[in-house]
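# Notes for the structure review
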Amino acid sequence: MLWFALHFFLLMIAGFSSLRIPTGSVLILATIGGALGFIDARRRNELLFLQNLGIAPSMVVGAWVVTIVFLEIAIRFIAVAAGV
Amino acid sequence: MSEGPILQADSIRKSYGGRNVLTSASLNAIPATVTAVVGNVGVGKSTLLRICAGLITPDDGWVKFGEAQFSRARLHEMSRAGLYFMGEGSGLAESLTVGEHFAMIVKRFGVSLDERVIESFSLSQFLDSKPYSLSTGERRRAELAIAMSRRPKCLIADEPFRELDPITCEQIGCGLRTLASDGCAVVVSGHEVHTIFDYSDRVTWVTAGTTYDLGTPQNASRDEWFKRDFLGPSVVAQ
């Protein structure tokens, strides 16, 4: 949902000319997504429990960044396959 | 009781905005022992415990857990080695049910779930509940039961008795004693002196930026300085 909202927001700014967004914007989107994911995990009290499980808070940010980058790569493949 | 400490913190100094909270504090967590950390409001008990748990970086000093010594300890590293931290607020993830917390502990650490722990804390009916739907007492019981199912080598519990009714206090206290009897080093802080003393083996007093090991609760209760500056005149009169 977070990725979808951010991606939709960037497409809205670009005027929906393409499904794809520029590589630089992907990095910005991944960074914002990572930061928002971290804030959300903190808001939901998840960080302390994750640390008690041996999971570093940076892993939460990393998981969000990797997921967003993966979804952006997937959307590029879909866009190329669909010719848009 | 004769084993050396599994967690040691020494020469801890921490200041906030130029205000020295801790100047030279130390803390030892000894296996099979419940150590009470007491002191007036704002003297730095929580800060000391959070430094020991790797949630706050001290300005100076070191923390040793097991064989590893850290100038900057981190909870996720120490938790892999057997530390569990129960904070002042809730340590339960709001997005997970109580049962899912147990399941994650079991999966992550390969421990078997002891149903007796769930029963002893009367948690059976809350396994499908999210933490936000629980009362403070239910939440605290769930958190300690989850910590116990981890079978930690050391548990640090910051104010686990706060805002609890006497029956829940007893359940929490018995849980802490059970952990200690299984060999866990338990460190517990709070202001409910009589309750904490009932379940403790040793007392560490935090005052004026430093710490004093007062020995057993009985010894601490006889310490004139401790009585005058912390327990207060009414207790001294008794």
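We now turn to the structure provided with this report. (Residues numbered from 1 in each chain as written. Chains lettered and ligands numbered in written order. Predicted model: local features only at pLDDT ≥ 70, side-chain atom pairs only at ≥ 80, totals over all residues.)

### Here we look at the overall build of chain B
- A count of helices and strands for chain B gives ten helices and ten strands.
- What you see for chain B is a C-alpha radius of gyration of 17 Å, in line with the 18 Å of a compact globule of 238 residues.
- With the C-alpha coordinates aligned to their principal axes, the bounding extent of chain B is approximately 50 × 40 × 40 Å.
- The proportion of buried residues among the 238 residues of chain B is 45%.
- Summarising the internal contacts of chain B: among those between residues at least 6 apart in sequence, 68% fall at separations of at least 24. (Helix = DSSP H or I, 4+ residues; strand = E, 2+ residues; numbered from the N terminus. Rg over C-alpha atoms; globule rule 2.2 N^0.38 Å. Buried ≥ 20, exposed ≤ 12 C-beta atoms within 10 Å, placed from the backbone. Contact = placed C-beta atoms within 7 Å.)

### Re the interface of chain A and chain B
- Taken together, the contacts link eleven residues of chain A with 16 residues of chain B.
- Classifying every residue of the side of chain A that touches chain B gives five nonpolar, four polar and two charged. (Nonpolar A, V, L, I, M, F, W, Y, C, P; charged D, E, K, R; others polar.)

### Here's the deal with the packing of helix α2 (residues 23–43) of chain A against helix α4 (residues 57–82) of chain A
Residue and element names in this part refer to chain A.
- Orientation of α2 relative to α4, taken along the N-to-C sense of each, is 140°, at an axis distance of 8 Å. As far as their axial angle goes, α4 and α2 are oblique. Here the hand of the crossing between α2 and α4 comes out right-handed. The residues of α4 that touch α2, namely those facing V26, L29, A30, G33, G34, G37, F38 and A41, are P57, V60, V61, W64, V65, I68, V69 and E72.
- Within the contact of α2 with α4, the residues separate by chemical class into twelve nonpolar, three polar and one charged. (Axes fitted to C-alpha atoms, helices over the stretch in contact; angles between N-to-C directions. Parallel < 35°, antiparallel > 145°, perpendicular 65-115°, else oblique. Left-handed = near helix turned anticlockwise from the far one by under 90°.)

### Side note on the nonpolar core
Residue and element names in this part refer to chain B.
- Ranked by internal contacts, the top residues of the largest apolar core, which has 82 residues, are L48, C52, L155, I156 and V186.
- Of the residues forming this core, the biggest block, six residues, is contributed by helix α5 (residues 136–149).
- Excluding residues within four positions of it along the chain, L155 makes contact with Y84, M86, A147, L179, C184 and V186. (Core = buried A, V, L, I, M, F, W, Y, C linked by C-beta atoms within 7 Å.)

### Section: the packing of helix α3 (residues 98–109) of chain B against α5(B)
Residues and elements named next belong to chain B.
- Where α3 contacts α5, the two axes come as close as 9 Å, and the packing angle between them is 15°. On the basis of their axis angle, the class for α3 and α5 is roughly parallel. At the point where α3 passes α5, the crossing takes the right-handed sense. Contact residues: V98, H101, F102 and I105 in α3; A142, I146 and S149 in α5.
- Split by residue class, the contact of α3 with α5 holds five nonpolar, two polar and no charged.

### A word on α3(B)
- Taking 1.5 Å of rise per residue, twelve residues should cover 16 Å, and α3(B) covers 17 Å from first to last C-alpha, within 8% of that figure.
- Considered for burial, the residues of α3(B) that qualify are V98(B), H101(B), F102(B) and I105(B). Looking down the long axis of α3(B), one finds its buried residues gathered within 100° of arc, a one-sided arrangement.
- Those residues of α3(B) hidden inside the fold are in contact with α3 (46–52) of chain A together with α5 of chain B.
- Phi turns positive, to about 65°, at G110(B), one or two residues after α3(B). (Expected span 1.5 Å × (residues − 1). Arc of directions from axis to C-beta.)

### Description of the environment of F49(A)
- In this structure, F49(A) sits in helix α3.
- Owing to 24 C-beta atoms within 10 Å, F49(A) belongs among the buried residues under this scheme.
- Once residues lying within four places of it in the same chain are set aside, the contact partners of F49(A) are G91(B), L92(B), A93(B) and H101(B).

### Notes on the pairing of strand β6 (residues 83–86) of chain B
Residue and element names in this part refer to chain B.
- Of the two faces of β6, the one lined by L83 and F85 and the one lined by Y84 and M86 are each fully buried.
- Pairing of β6 with strand β7 (residues 154–157), which is carried by four bridges, proceeds in the parallel orientation. Across the sheet, the residue bridging to F85 is I156, located in β7. (Pairing = 2+ DSSP bridges.)

### Describing unusual backbone geometry
- Non-glycine residue N45(A) carries a positive phi angle of around 65°.
- With a phi angle near 65°, A32(B) is a residue other than glycine that sits in the positive phi range.
- Residue position: A32(B) is located in the loop between β2 (19–29) and β3 (34–38).
- A tally of 16 C-beta atoms within 10 Å means that A32(B) is categorised as partly exposed.

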